[in-house]
Amino acid sequence: MAGSYNSVINLNNFTKHIENNMADILVLYYSQTGAVRELATHIARGIDSVAGMSARVRTVPKVSTVTEAVAAAVPETGPPYVTSADLRECVGLALGSPTRFGNMAASLKYFIDGTGGEWMSGALVGKPASVFTSSSSMHGGNESTLLSMMLPLLHHGMVIVGVPYTETALSTTDQGGTPYGASHVAGADGARVVSDLEKSLAFAAGKRLAVLAGKLGP
Ligand SMILES: Cc1cc2nc3c(=O)[nH]c(=O)nc-3n(C[C@H](O)[C@H](O)[C@H](O)COP(=O)(O)O)c2cc1C
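Predicted, not measured: the structure shown is a model, and the values here were computed from it.

Chemist: Explanation requested: the overall build of the chain in the structure shown.
Modeler: In terms of helices and strands, the chain carries 8 helices and 6 strands. Overall, the chain shows an N-to-C arrangement of helices and strands of α-β-α-β-α-β-α-α-β-α-β-α-β-α. Counting the 218 residues in the chain, one finds 41% classified as buried.

Here it is in structure tokens:
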């Protein structure tokens, strides 16, 4: 059921994009309390600001410690669950996760661990990718999460795209935003809003990803 729902959406997008000569960049994230979801919207705005490029936003189901639990086929709110067709069809990838003990969240890792088919077929080889995260503390894994998220993407043959220091916010931010990718520092209670500098760096990350995807081509 979910497959057919997503397939219809993908088919409609795909047809519309072929007609309009548009290409999609996949913004794939997991977010439990909303911080990474907000970063994703700014990255998507950056992607959409580039002519001919469009953000395709997707998420993954939460992995449960109760192995019998089954998620609803279609999320009640937010973007649809990602499919392998999204990976194949998109010309680039922005991958986002909350920091979990200095690493990406299990729900996103679980999805990535299921991409053996795309790895074997080389579906992602040569496509650009950027990573983004949110952590509660500034020095509790914000950057290590970004670096570790790059590892499976390198195995997939993707071209990793960071944020250059020509983005002046990189030198002035005293919260998130790194050369390794967009990020947010949410604070111990998660209440800190995404700052203007964090937003501008997330936008820049999305825009740069889209520009480079256009240059690298399909
Ligand atoms: C199990 C668990 C582990 C976490 N580990 C870290 C960590 O290592 N470092 C850190 O700064 N924040 C850590 N956090 C906090 C989250 O990364 C932070 O709240 C993040 O902003 C949540 O993003 P979200 O709102 O998109 O879910 C952890 C949270 C949970 C629930």
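Chemist: Where do I start with the site of the ligand in this structure?
Modeler: Surveying the vicinity of the ligand reveals 20 residues, the closest of which are Ser31, Val36, Pro98, Ser135 and Gly140. Those elements giving two or more residues to the shell around the ligand turn out to be helix H2 (35-48) and strand E4 (128-135). Here the shell around the ligand gets 3 residues from one element, more than from any other, and that element is H2. Here the shell around the ligand is built from residues that sort into 5 nonpolar, 13 polar and 2 charged.

Chemist: Looking at this structure, how should I read the packing of H2 against helix H8 (residues 196-216)?
Modeler: To characterise two packed helices, one gives the angle between the axes of the helices and the distance between these axes. As a packed pair, H2 and H8 sit with axes 6 Å apart at the nearest point and diverge in direction by 45 degrees. Regarding the angle of H2 to H8, the classification is oblique. Judged by the sense of rotation from one axis to the other, the crossing of H2 with H8 is right-handed. Touching Leu39, His42, Ile43, Ala44, Arg45, Gly46 and Ile47 of H2 are Lys199, Ala202, Phe203, Ala204, Ala205, Gly206, Lys207, Leu209 and Ala210, all from H8.

Chemist: Explain the pairing of strand E2 (residues 53-59) here, please?
Modeler: Regular strands place their side chains on alternate faces of the sheet. Across the 7 residues that make up E2, a large majority, 6, are buried. Regarding the hand of the β-α-β motif, the stretch spanning strand E1 (residues 23-29), H2 and E2 is right-handed.

Chemist: What should I look at first to understand the confidence of the model for the chain in this one?
Modeler: For any part of a model where pLDDT is low, the fine detail of the predicted coordinates should not be relied upon. Of all residues in the chain, 90% attain a pLDDT of 70 or more, and the chain-wide mean is 90. For residues 1-16, every residue scores under 50 in pLDDT, and the model assigns this stretch 15 contacts once sequence neighbours within four places are set aside.

Chemist: Would you mind going over the nonpolar core with me for this structure?
Modeler: Across soluble globular proteins, nonpolar side chains show a tendency to be buried alongside one another. Judged by nonpolar contacts, the single largest core of 55 residues is most densely connected at Ile25, Val27, Leu39, Ile43, Ile47, Phe132 and Ala205. In terms of residues, this core owes the most to one element, H8, which gives 8 residues. The residues touching Ile47, leaving out its near neighbours within four places in the chain, are Ile25, Met53, Ala55, Gly206, Lys207, Leu209 and Ala210.

Chemist: Please explain the environment of Lys109 as it appears in this structure.
Modeler: Structurally, Lys109 is set in helix H4 (residues 106-113). Judged by C-beta crowding, with 19 C-beta atoms within 10 Å, Lys109 ranks as partly exposed. Sequence spacing of Lys109 and Met149 is 40 residues, and the spatial spacing of their C-alpha atoms is 8.9 Å.

Chemist: Would you mind going over the environment of Val91 with me for this structure?
Modeler: Within the fold, Val91 resides in the loop between helix H3 (84-89) and strand E3 (93-98). Taking the C-alpha atoms as reference points, Val91 and Ala129, separated by 38 residues in sequence, lie 9.3 Å from one another.

Chemist: What is the right way to read helix H6 (residues 142-155) from this model?
Modeler: Restricting attention to buried positions, one finds in H6 the residues Asn142, Thr145, Leu146, Met149 and Leu153. One side of H6 carries all its buried residues, which in axial view fall inside an arc of 95 degrees. Set apart from the buried face of H6 by more than 90 degrees, the exposed residues are Leu151, Leu154 and His155. Here the buried face of H6 lies against E3, E4, strand E5 (159-160) and strand E6 (182-185).

Chemist: Please explain H8 as it appears in this structure.
Modeler: For an α-helix, the turn length of 3.6 residues means that residues three or four places apart are oriented alike. Along its 21 residues, H8 runs 30 Å from first to last C-alpha, staying within 8% of the 30 Å computed at 1.5 Å per residue. Within H8, burial applies to Glu198, Lys199, Leu201, Ala202, Phe203, Ala204, Ala205, Gly206, Arg208, Leu209, Ala210 and Ala213. Positioned one or two residues after H8, Gly217 has a phi angle of 80 degrees, which is positive.

Chemist: Where do I start with unusual backbone geometry in this structure?
Modeler: Excluding glycine, residues mostly have negative phi values, and the peptide bonds linking residues are mostly trans. Residues other than glycine seldom take positive phi values, yet Phe101 does so here, at roughly 50 degrees. In this fold, Phe101 is placed in the loop between E3 and H4. Judged by C-beta crowding, with 10 C-beta atoms within 10 Å, Phe101 ranks as exposed.

Conventions adopted
Residues numbered from 1 in each chain as written. Predicted model: local features only at pLDDT ≥ 70, side-chain atom pairs only at ≥ 80, totals over all residues. Helix = DSSP H or I, 4+ residues; strand = E, 2+ residues; numbered from the N terminus. Buried ≥ 20, exposed ≤ 12 C-beta atoms within 10 Å, placed from the backbone. Near = placed C-beta within 6 Å. Nonpolar A, V, L, I, M, F, W, Y, C, P; charged D, E, K, R; others polar. Axes fitted to C-alpha atoms, helices over the stretch in contact; angles between N-to-C directions. Parallel < 35°, antiparallel > 145°, perpendicular 65-115°, else oblique. Left-handed = near helix turned anticlockwise from the far one by under 90°. Contact = placed C-beta atoms within 7 Å. Right-handed = clockwise from strand over helix to strand, strands pointing away. pLDDT = per-residue confidence, 0-100. Core = buried A, V, L, I, M, F, W, Y, C linked by C-beta atoms within 7 Å. Arc of directions from axis to C-beta. Expected span 1.5 Å × (residues − 1).

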